[in-house]
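# Descriptive analysis of the structure
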Amino acid sequence: MDNFLLQLLLFCTAAIIAVPLARKCGLSSVLGYLLAGVVIGPFGLSLMGDVESVMHFTEFGVVMMLFLIGLELKPSLLWRMRTPILGMGGMQVVGTALVIGLIGWFFVPWQTALVVGLTVSLSSTAIVLQTMREKGTMETSSGRAVFSILLFQDLAVIPILSILPLLALSSVPGRFSSGEAALLDISSLPTMWRVVATLGAIGSISVIGKYLARPIFRIIAATRVREIFIAVALAMVVGISLLMMVVGLSPALGAFLAGLVLADNEYRYELESDIDPFKGLLLGVFFISVGASLDFLFIGHHLLLIAALVVGLLLVKGLILYGVGFLFHTPREVRSYLAAALCQGGEFAFVLFEFSRSNGVLTDKVITPCISAVIISMFLAPLFFMLQERLTGRSGNEEQQREADAIKERGARVILSGFGKVGADVGRFLLSTGIRPVIVEPDAGHVATLRRFGFEVYYGDVGRLELLEAAGAAEAELLVVTDRDPEKARALIALAREHFPQLKIAASASDRSAVYDMMDIGVSALRRETFGGAVELGREVLVRLGFRRYEAYCLTRLFRHQAEAFLPKLYHAHRGQSTAEYQLLYRRHTSRIAALLQARGENNVGQNEKAWAASRGED
Amino acid sequence: MEHFLLQIFVFFVAAAIAVPVAKKIGIGSVLGYLAAGVIIGPFGLSLIDNVESVMHFTEFGVVMMLFLIGLEMKPAVLWQMRNSILGLGGGQVLVTTLLIVFVSVWFLPGRQALVLGLILSLSSTAIVLQLLKERGRYDSSVGRSIFSVVLFHDLAVVPIMALLPLLAPVGTHASVQHGGLVDISHLSGGVRFFLTMLAITAVFLMGRFVTRPLFRAIAMTGMRELFAAASLALVVGSSLLMMVVGLPAPLGTFLAGVVLAESEYRHELESNIEPFKGLLLGIFFISIGASLNFELLWEQWWVVCLLVAGIVVFKFVILYLIAVLFRLPASERGYFSIVPAQGGTFAFVLLPFAVQSGALPPLVAELVLTAVVITMFFAPLMVTAWEKFVERRVESKEGADALSPRGQRVIIAGFGRLGTDLGRLLISVGIKPVILDHDPVGVEALRNFGFEVFYGDVTRLDLLEAAGAAEASMLIVTISNAEKAKELVELAQKHYPNLEIAIAVDDWRVVYEMKDLGVSLIRRETRDSALDLGMDCLKLLGMHSYEAFRLLRMFKHQDLKASDELYEIWREKGEETFISSFRDHNDNLAALLQCAQTNNREEAGKGWASDKIIRATGSRPDDSPETGG
Amino acid sequence: MNKILLLLAHPAFGRSVANTALYSAVEGMEGVTCRDLYDLSPDFFIDVKKEQELLLAHDIIIQQYPLYWYSTPSLLKEWTDLVFEHGWAYGHDGHALRGKYFMQAITTGSEAESYTLGGQSSMPLVSYLAPQRATARLCGMHWLPPFVDAGVHYESRAVLAREGQRYRRLLEALQQCSQLLQLAEKYQIADGPVPEANALDRDLLKGELNG
């Protein structure tokens, strides 16, 4: 027990130190885990006990992961993206596997070469998605292409896991293939029956998932005992794995199927959030033990071989990806992005190598250099992103330039810049009162929508002096600034002040610091864009909590006036004093409002409301 | 591996069947686990083996439980209730222990009698709290008295655990504080004491100063499993540290829990440890059930009966006396005494612990355990009977306290720009919301501004639970991510149907999606400020303030009124019709507001422009309501 | 049966004991429409059309409020300003309210004795209701003397409950009364003395004209 706890503590500590550090350095969390493993492993501090068995045990995380992948897979999305997913993804995986298999055939038996090819054809979902998210390229056409290939790779793991044992050279009884006795052994049955049993198992998974899961979850959820729900979720994954083992199929396949069947279940989110931490911890420890199992002696002796492998891997994958992009008629920069983003090996490689090792498909002599090469390629991944960016210039899809609309209106009193969420309401209100502002909106797509809704909106960016002039700034009385981007808003206000000093300015600011920035420049009217909503929603909340409507109205009115009255003081403190003093003033202000509002509530005394409630004192 | 998986499968399935059944017949989940254990154990279907080692392993759930108990202990609350906790709770534990010792020394050696007394003096927190909640007495004054008694029990477990090994006969207490770890038992007393103090200080300092930046760094990565790892490391680390210096592990985790009770990561920690604790403890209870030896028990059935009667009668009498002593109102004394009159969950924890450390012989422990199970089984029945037959006359007088608006529980999910102002308003009014946010930097900044904000991902059920969603009356969602907000709303609606939901969203499409989900209180976050800005514009253009205000008010009301119709059209008729209705609606608004202006003040302002009236009516000015002109 | 529209105006109704006693005694009576104005228009926004429709649909209009600074709560004044529109309630074509009955139900903090000549407030209570009386007349409504519960500061819950019952009985009598017109004429403003508070109460419940 103590030993177990100590090991657990060790793993957890290593992870919580290494992963945030890795993330800080811009590396993926997977690499953080690997590093942690290297540090605590036999070539580092030698703190770990039995690496092999830990790895076996935590491999179960993969089963859970596939369950989650199944759960998250939306058939509609799959169908909509079928061309890129099946076409590009399929071609990439098959192509890479074949090419690497062919090259490898020169050195090792074809089965081994094929297995290695399949394994390294997969890229690192974790690294790529994280990088794309950080760089904001998810929604670009390159991003979508990358995403569909990754999705196919995720799915490809399942068939790969299933065919790996068939490619074994020697027959080592694997853990995941039927065998180990404790359970039923159906291998002795005639083939007929085995097929029936297998089909029966798969059938029962879908039947149970479809029809039984819902009532069961409902009963369990009704008990409101949280851990029972978790127990059931885990029991389900475990049970499916066991069933699959009995019929000699891959547990990962079963788990994936189960996830797929349960994807439209109303308890989907709960299942996901219950399994997720277990999967995360198991996989984390699995990666740590991969890191710990690296044989640095071997690597030291075969540096050249590994370097060659890395270069070969990156080249082959990169070229094939570029070729796939070419075949599917993608623009040039998308092709290079594909090649740069997906040319590394991925974390699935660890799983598949480990699986091949235990099934006797590959030997350590093959695995160690390959794993090292994969890891190194993963370390290099961020480099390729940067390189690609450098080469193609600022990547991404620049919005096509479009000329600003010619503004025909003359003599408007008000110019409204921005017709987004804030601007639309300001504009609608002003229009209703009969004032017709000149409305300028910098988002071309939005302008088209707005015109359909009947608003006369001009496309253009009033941040440019000519446009401001064209909008009639010289004759107008008021400029209303509602741009979301605080920098843009500030520039616009400064421009207007400089060139059209007669123009009054009303502005909305997205948050407190933007408010202070605008107060620096000086505007005639200023509103923080979510403040009113907060107060109004607060009023409704008070009513629902049982306050009388009028009382809630008075309380919120008082709050609003206090907050508005105090703003100048806060502003001066923010500009003139230290952060700590500003915070102190803010706290004092908040507690003063509280004292005021509660005095109102508890003593029944409004400003001069005493007499209304005076009849309380009668008894 | 397969064998391990199979065992897990059996345990989980047994729990999944037994617990809902137990809940259904009204006897708490703990008894459900025990029953599951009996069924799959050697006297049932014999599906599991190696019960001892399973029990030993899952014992760690107890350590986690004490960490969670520690987390719940807010020093301020404890201090505020110190009199009733120490008085009612302390008195009860002390007197009960003494009485049981006094009776049982006739049959057992003195030390064993003391162990027994301590263990039996504790009641079942889970059962008691559930009884109070079910019967709506949780917030009544009896409820609070009873609560302080069981709160003391929670606290008392820690010293009792520390005491147990000392009460074992010399030579037997090996198994608890052995170690593959550093062994300090050979050091001199002074050094050991010093090390012990050092360890406790270390836990304290860690909790106070190290965890915060650490948790923040981890939260920044946004990886949930890393936070789970950190929580586990914290619990495991502090318990290992205690083991090294020879103190019971639960003490360390309890301490760590108390230190972190005020931290912004409290709810997140709670929700991360809770499932592990729940599962471990559940299996622990199952293995207790499986380890019961029914043959022996059958032979000694009369002892069990005596024990059951003894526990219930002693506890009832002592609690009654204490109630008299502390001058509880006469009408409350009986209820106060009957509710905690049973053995507790802690007995299941402490009895195996006592057996391991050699403080009690296994047979005694089993007999006592069985007796405790039976008292727990009868507890709800006794309370029901009491309410039915004894208490009828006072019932009408008490009644559940009506919740005052300020006493209600509100959860704010998301504390960004809008959430902050909304939270300030509620706090100012005197409502203390539980505030959750998923941005570690923001949480820290807001704490500096004096807000009690907790870090956590609200779209997870465990965190909602930890934040008290079951007792809350309202959930206010101000998460800017629409997908997450929807997920949260669906989750909350499914699991807490009584929870009212208010939501701020950022555009009208989301408003409609929320209406689809049936949320009744939806507000577009920028709408009100935008309209206020519009009013400012009118003033800047020279309109009188009051007129600008009235136009704004009219616009708001009319716009709100139309929103439901527009939503219907959007749903039923599709986009084209919606757009044309929206345009019509805008035209109507314009007509209305412009009419209000030309008539000078809304429709009703007519009377105020006196010259017009005279012209229109031909009547004398004194016929009009205004005197000022 | 006469239909009654009861308009309650109390800015702190949740904490009012006297008005709660009165209001809850009559709330839910058949044929009586109760409207809590401060709850319906907390921000003083009044839906004029709707209010006018309600007025048209009823025979007797009762305004219930605590007397404060010898006048109505401000929302009731705003209500009157907006709802009694020119051309609708008064003026050349303003006949909408003609023939309806108008009554006030008032609570005061100080006792009835203070509303006498020489008392603390120096004038009879009904004198302070002159503006509303004149308003009713201008709109062609028949003014009825007010229901008054005076001195609520000093009343126990039991007394308040009794007042509530009295209020309810009065409303029932008003509903049933078939000769309201004659009764109202008795209180016409013309030249008679100012009627006493609760005169109606006395007249109706004593059965002088009832039935």
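Owing to the predicted nature of the structure, the values given are computational and were not obtained by experimental measurement. (Residues numbered from 1 in each chain as written. Chains lettered and ligands numbered in written order. Predicted model: local features only at pLDDT ≥ 70, side-chain atom pairs only at ≥ 80, totals over all residues.)

## Observations regarding the overall build of chain B
Counted only if it meets this: Elements are defined by DSSP. Helices are runs of H or I of four residues or more, strands are runs of E of two residues or more, and each kind is numbered from the N terminus. A pair of residues counts as a contact when their C-beta atoms, built from backbone coordinates, are separated by no more than 7 Å.
Along its length, chain B carries 28 helices and 6 strands. Counting only contacts in chain B whose residues sit at least 6 apart along the sequence, the fraction spanning at least 24 positions is 70%.

## Examining the overall build of chain A
Note the threshold: C-alpha atoms define the radius of gyration in this analysis, and the globule rule sets the expected value at 2.2 Å times the number of residues to the power 0.38. Working definition of burial: number of other C-beta atoms within 10 Å of the residue's own, with buried at 20 or more, exposed at 12 or fewer, and partly exposed in between, all C-beta atoms being placed from the backbone.
Counting its secondary structure elements, chain A contains 26 helices and 6 strands. Taken against the 2.2 N^0.38 rule, which gives 25 Å for 619 residues, the C-alpha radius of gyration of chain A at 32 Å runs more than 25% over that of a compact globule. Dimensions of chain A, computed from the C-alpha atoms along their principal axes, are close to 90 × 75 × 50 Å. Relative to its 619 residues, chain A shows a buried fraction of 49%. For chain A, the proportion of contacts with a sequence separation of at least 24, taken over those separated by at least 6, is 69%.

## As for the interface of chain B and chain A
With 102 residues of chain B in contact, the opposing surface of chain A contributes 103 residues. Sorting elements by how many residues they give to the side of chain B that touches chain A places helix H1 (residues 2-24) of chain B first, with 13 residues.

## Focus on unusual backbone geometry
In this structure, B:Asn50 is a non-glycine residue whose phi angle is positive, near 55 degrees. Counting through the fold element by element, B:Asn50 comes out in the loop between helix H2 (28-40) and helix H3 (51-58). Phi at C:Phe44 takes a positive value of approximately 65 degrees, unusual for a residue other than glycine. Checked against the element boundaries, C:Phe44 lands in the loop between helix H2 (37-40) and helix H3 (48-56).

## Considering the pairing of strand S4 (residues 474-477) of chain B
Residues and elements named next belong to chain B. We apply this condition: The pairing criterion is simple: DSSP has to find at least two bridges between the two strands.
Alternating positions in S4 separate into two faces, Met-474 and Ile-476 on one and Leu-475 and Val-477 on the other, with burial throughout. Direction of pairing for strand S1 (residues 410-413) relative to S4: parallel, over a ladder of 4 bridges. For Ala-413, the partnering residue across the bridge sits in S4 and is Val-477. Bridge count for S4 against strand S5 (residues 500-505) is 4 bridges, and the pairing is parallel. Bridging from a neighbouring strand, Val-477 pairs with Ile-503 of S5.

## With respect to the sheet that holds strand S3 (residues 453-455) of chain B
All names here are of chain B. Note the following rule: Note on geometry: axes are lines fitted to C-alpha atoms, helical ones only across the stretch in contact, with angles between N-to-C directions running from 0 to 180 degrees.
Here 6 strands make up an open sheet; going across it, the order is S3-S2-S1-S4-S5-S6 and the pairing parallel. The strands lining the two open edges of the sheet, one partner per strand, are S3 and strand S6 (521-524). Across the sheet, the axes of successive neighbouring strands diverge by a mean angle of 20 degrees, strand direction being ignored. Pairing geometry for strand S2 (residues 434-437) and S3, over 3 bridges, is parallel. Across the sheet, residue Ile-435 finds its bridge partner in S3, namely Val-453.

## Some details on the packing of helix H6 (residues 82-105) of chain A against helix H7 (residues 110-121) of chain A
Residues and elements named next belong to chain A. Operational definition: Left-handed describes a crossing whose near helix is turned anticlockwise from the far helix by less than a right angle; the clockwise case is right-handed. Side-chain classes follow a simple rule in which Ala, Val, Leu, Ile, Met, Phe, Trp, Tyr, Cys and Pro form the nonpolar group, Asp, Glu, Lys and Arg form the charged group, and the remainder, Gly included, forms the polar group.
Their axes nearest at 7 Å, the elements H6 and H7 cross at an angle of 145 degrees. Between H6 and H7 lies a crossing of right-handed hand. Here Val-93, Thr-96, Ala-97, Leu-98, Ile-100, Gly-101, Gly-104 and Trp-105 of H6 come into contact with H7, specifically with Trp-110, Thr-112, Ala-113, Leu-114, Val-116, Gly-117, Leu-118, Val-120 and Ser-121. Broken down by class, the residue content of the contact of H6 with H7 amounts to 11 nonpolar, 6 polar and no charged.

## With respect to the sheet that holds strand S2 (residues 438-441) of chain A
All names here are of chain A. Spatial ordering of the open sheet is given by S3-S2-S1-S4-S5-S6, a layout of 6 strands whose pairing is parallel. Strand pairing shows two members of the sheet lacking a second neighbour, strand S3 (457-459) and strand S6 (525-528), which therefore form its edges. Ignoring strand direction, the axes of neighbouring strands in this sheet form an average angle of 20 degrees. Together, strand S5 (504-509) and S6 form the strand contacts of helix H23 (residues 512-521), whose direction differs from that of S6 by roughly 170 degrees.

## Some thoughts on the environment of B:Cys537
Tracing the backbone shows B:Cys537 in helix H25 (residues 527-540). Taking the C-beta count within 10 Å as the criterion, B:Cys537 has 28 such neighbours and is therefore assigned buried. When the C-alpha atoms of B:Cys537 and B:Gly89 are compared, they prove to be 65 Å apart, with 448 residues separating the residues in sequence. Among all residues touching B:Cys537, those that are not within four sequence positions of it are A:Val414, A:Leu430, A:Leu478, A:Val480 and A:Ala506.

## Here's the deal with helix H17 (residues 345-356) of chain B
Residue and element names in this part refer to chain B. The line we're drawing: Take the residue count of a helix, subtract one, and multiply by 1.5 Å to get its expected span.
The end-to-end C-alpha distance of H17, which contains 12 residues, comes to 18 Å, matching closely the 16 Å that a straight helix rising 1.5 Å per residue would cover. In terms of residue burial, H17 counts as a mostly covered element, since 12 of its 12 residues are buried. Considered for burial, the residues of H17 that qualify are Thr-345, Phe-346, Ala-347, Phe-348, Val-349, Leu-350, Leu-351, Pro-352, Phe-353, Ala-354, Val-355 and Gln-356. Positioned one or two residues after H17, Gly-358 has a phi angle of 80 degrees, which is positive.

## Quick notes on the nonpolar core
Formally: Take the buried Ala, Val, Leu, Ile, Met, Phe, Trp, Tyr and Cys residues, join any whose C-beta atoms are within 7 Å, and the set you get is a nonpolar core.
Counting 408 residues, the largest nonpolar core has A:Ala15, B:Ala15 and B:Leu351 as its most contacted members. By residue number, the principal contributor to this core is helix H11 (residues 226-247) of chain A, which donates 16 residues. With sequence-adjacent residues up to four places away left out, A:Ala15 is seen in contact with A:Tyr33, A:Ala36, A:Gly284, A:Ile288, B:Leu226 and B:Ala229. Counting 56 residues, the second largest nonpolar core, distinct from the first, contains A:Val440, A:Phe500, A:Val523 and B:Leu552.

## Regarding the confidence of the model for chain A
Residues and elements named next belong to chain A. What counts is decided by this rule: Per-residue confidence from the predictor is reported as pLDDT, which spans 0 to 100.
In this model, chain A carries an average pLDDT of 83, and 91% of its residues clear a pLDDT of 70 or more. When pLDDT is averaged over each helix and strand of chain A, the minimum, 76, is found for helix H5 (residues 75-80) and the maximum, 94, for strand S4 (residues 478-481). The model gives residues 172-182 a pLDDT under 50, and that stretch makes 26 contacts with residues more than four places away or in other chains. A low-confidence stretch, residues 395-400 (pLDDT under 50), is modelled with 8 contacts involving residues beyond four sequence positions or located in other chains.

## Considering the environment of B:Glu387
Tracing the backbone shows B:Glu387 in helix H18 (residues 362-390). Along the chain, B:Glu387 and B:Met81 lie 306 residues apart, while their C-alpha atoms are 27 Å from each other.

## Things to note about the confidence of the model for chain B
All names here are of chain B. In the predicted model, chain B carries a mean pLDDT of 81, and the fraction of residues at 70 or more is 90%. Across chain B, element-level confidence peaks in S4 with a mean pLDDT of 94 and bottoms out in helix H28 (residues 610-617) with 42. Confidence over residues 172-180 falls short of pLDDT 50; this stretch has 18 contacts with residues more than four positions distant or in other chains. When the criterion is pLDDT under 50, residues 601-629 qualifies, and its contacts beyond four places in sequence or with other chains add up to 43 contacts. Scoring the predicted complex yields pTM 0.75 and, for the interface, ipTM 0.79.

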